[in-house]
Amino acid sequence: KTEFLTSMSHELRTPLNAIIGFSDIMMGRTLGPIGDLKYLEYASDINNSGHHLLDLINGILDLSKIEAGKFELREANIDVLQLLKFCISMVGEQAKNNEVDIAPDIAPDLPPLFADELKCRQILVNILSNAVKFTPSGGKVKINIWFRREKACIFQITDTGIGIAAADIQKALTPFQQIDGELNRKYAGTGLGLPLAKSLVELHGGSLELHSEIGVGTTVTIRFPAHRIAPQSACELDSENGVRG
């Protein structure tokens, strides 16, 4: 299965590169002005759809590699604050359009995290995007990050969204599964976001927990183990008390 998906992903990426590349050229008007601005709008739609398709292909490929035990992390020290700023910027437009407030609440002196930065971005963007998507207009998505030197670095994303029934939580964490009913028709998706985030967290030796209540909201808690907290001489904190934003 992994070999098949790898082969297919390469085959699909080839035409996608042309779709994304040429639509980029049209959007940038590299070869001159576009006669009708409607064409510019179409080029933007083509570009966005191409990137969306590429993300889906990459997500399926990542899951298959993880299942086959062939996924390798590219680890380095990550600035947690910069990581969060990037992820918030990635979902900022979506939050603005949905009229959802994103409220980060973190300590300014968090130590670096030793992890795969690209995959950490993928984890947080997937969870934040879900939180924004399922939160009605006027709602809030709150982000807390704290750590305890001897225990874990913890990311917690809480929304005031529609919530998930307790019986459906396991389904939400299973690849390609979606909660049945009206939700499927109203909120598009492949059911890959949370399962992929969970698999990537576990690949780092951590855990992802989901707690939710219908009509109240959802909380996703990510724990990276203590050995993922990089040493930082300027920030030696009480391992018992820790720091929380």
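Higher on the page you've got the structure.
Residues numbered from 1 in each chain as written. Predicted model: local features only at pLDDT ≥ 70, side-chain atom pairs only at ≥ 80, totals over all residues. Heavy atoms only, no water.

Counting secondary structure elements, the protein chain contains 7 helices and 8 strands. Within the protein chain, contacts between residues separated by at least 24 positions form 73% of all contacts whose residues are at least 6 apart in sequence. In the structure as shown, the protein chain presents an accessible area of about 13500 Å², 54% of it carried by carbon and sulfur atoms. (Helix = DSSP H or I, 4+ residues; strand = E, 2+ residues; numbered from the N terminus. Contact = heavy atoms within 4.5 Å. Areas by Shrake-Rupley, 256 points an atom, 1.4 Å probe, with all protein chains shown as cover.)

Applying the stated rule across the entire model yields 5 salt bridges. Put simply, Lys38 and Glu41 hold a salt bridge, and the shortest N to O gap is 3.3 Å. On the criterion of helical spacing, the pair formed by Lys38 and Glu41 is a turn pair, its members being 3 residues apart in helix α2 (residues 37-67). Assessed through its relative accessible area of 40%, Glu41 is described here as partly exposed. For Glu75, the salt bridge goes to Arg228, with nearest N and O atoms at 2.6 Å. Here the residue Glu75 occupies a position in strand β1 (residues 75-78), and Arg228 occupies one in the loop between β7 (217-225) and β8 (243-244), the gap between them amounting to 153 residues. Glu75 sits in the partly exposed class, given a relative accessible area of 36%. Overall, the relative accessible area of 6% leaves Arg228 in the buried class. (Salt bridge = Lys/Arg side-chain N within 4 Å of Asp/Glu carboxyl O. Buried < 20%, exposed > 50% of the residue type's maximum accessible area, 1.4 Å probe, protein only.)

What follows concerns the nonpolar core. Inside soluble globular proteins, nonpolar side chains tend to come together where they are buried. If you look at the biggest cluster of nonpolar residues, it comprises 48 residues, and the most contacted ones within it are Ile127, Phe155 and Ile222. Ranked by residue count, the leading element in this core is helix α4 (residues 117-133), at 8 residues. (Core = buried A, V, L, I, M, F, W, Y, C linked by side-chain atoms within 4.5 Å.)

All chains considered together, the criterion is met by 1 aromatic pair. Judged by centre distance (5.7 Å) and plane angle (75°), the rings of Phe155 and Phe224 are edge-to-face. Residue Phe155 is located in strand β5 (residues 152-159), and its partner Phe224 is located in strand β7; the two are separated by 69 residues in the primary sequence. As far as burial versus exposure is concerned, Phe155 and Phe224 are alike and both buried. A cation over an aromatic ring shows up here: Arg121 above the ring of Phe86, its NZ or CZ 3.9 Å from the ring centre. (Phe/Tyr/Trp six-rings, centres within 6.5 Å; stacked < 30°, edge-to-face > 60°. Lys NZ or Arg CZ within 6 Å of the ring centre and 35° of its normal.)

So, about α4. Taking 1.5 Å as the rise per residue, α4 with 17 residues should run 24 Å; its terminal C-alpha atoms sit 24 Å apart, in good agreement. For α4, the full list of buried residues reads Lys119, Cys120, Gln122, Ile123, Leu124, Val125, Ile127, Leu128, Asn130, Ala131 and Val132. Measuring from the backbone nitrogen of Leu118 back to the side-chain oxygen at the start of α4 gives 3.2 Å, which picks out Asp116 as the cap. (Expected span 1.5 Å × (residues − 1). Polar contact = N/O pair within 3.5 Å; in protein donor to acceptor, adjacent residues only side chain to side chain.)

This part is about empty space enclosed by the protein. Over the atoms, a rolled probe matching the size of one water molecule traces out where space is still vacant. Following the criterion strictly, the structure yields 1 cavity of 30 Å³ or more and no others. Its boundaries defined by the atoms lining it, the largest cavity holds a volume of some 30 Å³. Surrounding the largest cavity, Leu83, Cys120, Ile123, Leu124, Phe155, Ile222 and Phe224 form its lining. Elements that contribute at least two residues to the lining of the largest cavity include exactly α4 and β7. When residues in the lining of the largest cavity are grouped by element, the largest group, 3 residues, is from α4. Of the residues in the lining of the largest cavity, the class split is 7 nonpolar, no polar and no charged. (1 Å grid on protein atoms, 1.4 Å probe; cavity = no way out; pocket = protein on both sides within 12 Å on 5 of 7 lines; lining within 4 Å. Points joined across faces, edges and corners; volume = space filled by probe spheres on them. Nonpolar A, V, L, I, M, F, W, Y, C, P; charged D, E, K, R; others polar.)

Moving on: a nonpolar patch on the surface. Among the surface-exposed residues, Ile19, Tyr39, Tyr42 and Ile46 lie close enough to one another that they form a single nonpolar patch of about 410 Å² accessible area. Mapping Tyr42 onto the fold places it in helix α2. (Patch = residues over 30% accessible without salt bridge, like charges linked within 9 Å, V, L, I, M, F, W, Y side chains within 5 Å.)

This part is about the side chain of Thr219. Considering the arrangement of structural elements, one finds Thr219 in strand β7. Those residues in contact with Thr219 that lie beyond four places of it in its chain are Gln156, Ile157, Thr158, Glu209, Leu210 and His211.

None of the figures reported here should be taken as evidence of function without further support.
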